[in-house]
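This is what each chain is made of:
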Amino acid sequence: MATDTAPPTAIRESDTITLPVPPELARAYRDAPPDEQRKWHLVVEFSLRALMNATPESLLQLMDDIGRKAREAGLTEAELNDILAESDDEGGR
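Residues numbered from 1 in each chain as written. Predicted model: local features only at pLDDT ≥ 70, side-chain atom pairs only at ≥ 80, totals over all residues. Heavy atoms only, no water.

Trainee: I'd love a proper account of helix 2 (residues 34-53), names of residues and values included.
Mentor: Look at helix 2: 28 Å from first C-alpha to last across 20 residues, which is about the 28 Å you get at 1.5 Å a residue. Inspection of helix 2 places Gln37, Lys39, Trp40, Leu42, Val43, Glu45, Phe46, Arg49 and Ala50 among the buried residues, and these make up the whole buried set. (Helix = DSSP H or I, 4+ residues; strand = E, 2+ residues; numbered from the N terminus. Expected span 1.5 Å × (residues − 1). Buried < 20%, exposed > 50% of the residue type's maximum accessible area, 1.4 Å probe, protein only.)

Below you can see the structure in the form of structure tokens.
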């Protein structure tokens, strides 16, 4: 899979986009401490990069790659699972 291997946004130039999300997700993000918000940024960045660079590979393979990169950036398996579980909970509503 062709993905950008550049390190996550730390000091490099960045831009801002706005994405609609469920109110509970927005509230959870705003209420999170800055270090947790940074982890959310990484997950979103990795996800968008993977989607932007995706070839017709399986979604499971894409998600495995995103998870690996998130772990390399400091997210623990438990934190990643919590984020994914929250996402699953939101999708079922």
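Once you've had a look at it, read on.
Trainee: Summarise the pattern of salt bridges; cite the residues concerned and give the values.
Mentor: Counting across every chain of the model gives 7 salt bridges. A salt bridge links Lys39 to Glu36; the shortest N-O distance between them is 3.5 Å. Placement of the pair is Lys39 and Glu36 together in helix 2, with a separation of 3 residues, close to one helical turn. The exposure class of Glu36 is partly exposed, given its relative accessible area of 25%. (Salt bridge = Lys/Arg side-chain N within 4 Å of Asp/Glu carboxyl O.)

Trainee: Could you give an account of the packing of helix 2 against helix 3 (residues 59-72), with specific residues and numbers?
Mentor: One can describe the packing of helix 2 onto helix 3 by two numbers: an axis separation of 9 Å at closest approach and a directional angle of 140°. Of the two elements, helix 2 crosses helix 3, and the hand of that crossing is right-handed. On helix 3, the residues that touch Phe46, Ser47, Ala50 and Leu51 of helix 2 are Leu62, Ile66, Lys69 and Ala70. In terms of residue class, the contact of helix 2 with helix 3 is made up of 6 nonpolar, 1 polar and 1 charged. (Axes fitted to C-alpha atoms, helices over the stretch in contact; angles between N-to-C directions. Left-handed = near helix turned anticlockwise from the far one by under 90°. Contact = heavy atoms within 4.5 Å. Nonpolar A, V, L, I, M, F, W, Y, C, P; charged D, E, K, R; others polar.)

Trainee: Outline the nonpolar core, listing residues and values.
Mentor: Core analysis: the biggest nonpolar cluster contains 9 residues, these being Leu42, Val43, Phe46, Ala50, Leu62, Ile66, Ala70, Leu75 and Leu80. Looking at which element gives the most residues to this core, the answer is helix 2, with 4 residues. What Leu80 contacts, discounting residues up to four positions off in sequence, is Gly67, Ala70, Arg71 and Leu75. (Core = buried A, V, L, I, M, F, W, Y, C linked by side-chain atoms within 4.5 Å.)

Trainee: I'd love a proper account of the packing of aromatic side chains, names of residues and values included.
Mentor: Within this structure, the stated rule accounts for 1 aromatic pair. On the basis of an interplanar angle of 50° and a centroid distance of 5.5 Å, the ring pair of Tyr29 and Trp40 is categorised as tilted. Of this pair, Tyr29 sits in helix 1 (residues 23-31) while Trp40 sits in helix 2, and the two are 11 residues apart along the sequence. (Phe/Tyr/Trp six-rings, centres within 6.5 Å; stacked < 30°, edge-to-face > 60°.)

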